[in-house]
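# Structural characterization, general
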Protein chains: 2
Amino acid sequence: MAKPTLLVVDVQKAWDDPAFGQRNNDPSAEENVARLLQAWRTAEAPIIHVRHRETDPDWPMLHEGNPGFEFMDEAVPKEGELVITKEVNSAFIGTDLEERLRSTGTTTVVVAAFTTDHCGSTTVRMSGNLGFETWYVGDACSTFDREGPDGEVFPAELIHRTALASVHGEFADVITTDEAINRLG
Amino acid sequence: MAKPTLLVVDVQKAWDDPAFGQRNNDPSAEENVARLLQAWRTAEAPIIHVRHRETDPDWPMLHEGNPGFEFMDEAVPKEGELVITKEVNSAFIGTDLEERLRSTGTTTVVVAAFTTDHCGSTTVRMSGNLGFETWYVGDACSTFDREGPDGEVFPAELIHRTALASVHGEFADVITTDEAINRLG
């Protein structure tokens with residue numbers, strides 16, 4: 001049986017830009033991403049790096065060619081590891097991710113992502129709905145404050161925790177980095 | 001240009017089952033769904049009813065043939081209105097919804113859904129990421145308490161509001177029933 005595939009979503013330098021505001025899990029999320037990558041490399045389990053290429057002029061820090069487009073130091077792909085570039089939140093839309101996972105017989109997808117509630121949650125929801133067993137590594141994710149339609153602002157940590165609660169048990173198992181590494185065995 | 005398509009997602013009797021716990025927006029969500037349907041019918045704008053057919057033995061109330069599978073009284077399709085049945089959260093996975101929207105030249109999708117953070121949010125995320133202008137009608141949605149991976153329970157109303165904040169401005173415009181009817185014109 002194929003080993004679980006680690007999907008590292010949008011762990012890019014742009015998130016350090018003050019325009020995004022203050023994050024939660026800073027810097028523990030990227031430290032946990034580094035631990036996941038190390039464990040997956042040691043186990044010779046598959047890794048897919050997903051990065052976001054923005055085209056919206058309002059978010060130049062994620063445009064290709066700008067420094068923010070680069071992977072964070074903790075998440076730089078090694079030679080030979082697969083990199084997929086997406087232009088919307090879901091790593092499954094406008095990419096060949098699903099075909100790649102199916103072609104390697106992948107049954108389990110393990111997601112670490114920036115941000116927890118946008119690209120991470122959307123990718124996890126589709127992964128679960130497409131039939132992959134999905135583990136969402138909560139402490140290897142991070143998000144920002146969000147403002148509701150009526151102007152109410154919710155702090156990043158609350159958005160993070162409610163986003164995890166909404167996917168847990170429905171789309172994915174929400175687990176910690178330690179648990180993901182234990183399960184990899 | 002095609003009028004906006006109203007997508008009514010999973011407004012089924014099962015949600016009255018005590019096994020799901022207590023909802024928010026009860027009964028205002030379904031009352032607002034009824035108002036949306038009336039406005040769309042009056043404007044002769046397209047309506048698609050999406051219903052959930054569960055196969056998981058843990059959720060028999062949503063199995064086809066059980067009373068909970070039926071549409072709520074406020075959301076019963078009229079003769080000639082399209083009904084799509086799905087088996088996962090997203091109305092776009094395992095259905096021909098995207099092709100149907102494209103074939104009619106639809107550019108705008110308007111979503112009212114049970115539940116706000118599960119099937120509604122997932123459908124809205126995919127709608128936005130597939131390139132449809134998407135309006136999410138918050139006061140015509142409802143959800144339940146959710147429990148996080150560490151056992152923390154978040155009340156339905158908080159889950160509802162944070163779920164809306166996470167999609168607002170990123171995947172969809174989150175608006176009210178009044179605003180949706182105003183925009184329909």
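Another aspect to go through is the relation of the copies chain B and chain A. Note on the chain copies: they are related by a rotation about an axis and a translation along it. Overlaying chain B on chain A yields an RMSD of 0.0 Å, the required transformation being a rotation through 180° with an accompanying axial translation of 0.0 Å. Expressed as an axis order, the relation between the two copies is that of a two-fold axis. When the interface residues of chain B are mapped onto chain A, 100% of them are again interface residues, pointing to one common binding face.

This part is about the interface of chain B and chain A. Accessible area lost upon the coming together of the parts serves often as the stated size of an interface. Opposite the 29 residues of chain B that make contact, chain A presents 29 residues. Where the side of chain B that touches chain A is concerned, the elements lending two or more residues are helix H3 (116-129), strand E6 (146-147), helix H4 (156-167) and strand E8 (173-175) of chain B. It is H4(B) that contributes the most residues to the side of chain B that touches chain A, 8 residues altogether. A per-class count over the side of chain B that touches chain A returns 12 nonpolar, 10 polar and 7 charged.

The element helix H3 (residues 116-129) of chain A is largely enclosed, with a buried count of 14 among its 14 residues. Trailing H3(A) by a residue or two, Gly131(A) shows a phi angle of about 100°, which is positive.

Residue and element names in this part refer to chain A. The step from Asp26 to Pro27 runs through a cis peptide bond, and the omega angle for that step is 5°. Within the secondary structure layout, Pro27 lies in the loop between strand E1 (5-9) and helix H1 (28-42). Here the phi dihedral of Glu44 falls at roughly 50°; this positive angle occurs in a residue that is not glycine. Inspection of the secondary structure puts Glu44 in the loop between H1 and strand E2 (47-52).

With that settled, consider the confidence of the model for chain A. Confidence in the prediction of chain A, expressed as mean pLDDT, is 97, and 100% of residues score 70 or more. Scoring the predicted complex yields pTM 0.98 and, for the interface, ipTM 0.97.

Reading the values: the criteria
- Residues numbered from 1 in each chain as written.
- Chains lettered and ligands numbered in written order.
- Predicted model: local features only at pLDDT ≥ 70, side-chain atom pairs only at ≥ 80, totals over all residues.
- Least-squares fit on C-alpha atoms with pLDDT ≥ 70 in both.
- Contact = placed C-beta atoms within 7 Å.
- Helix = DSSP H or I, 4+ residues; strand = E, 2+ residues; numbered from the N terminus.
- Nonpolar A, V, L, I, M, F, W, Y, C, P; charged D, E, K, R; others polar.
- Buried ≥ 20, exposed ≤ 12 C-beta atoms within 10 Å, placed from the backbone.
- pLDDT = per-residue confidence, 0-100.

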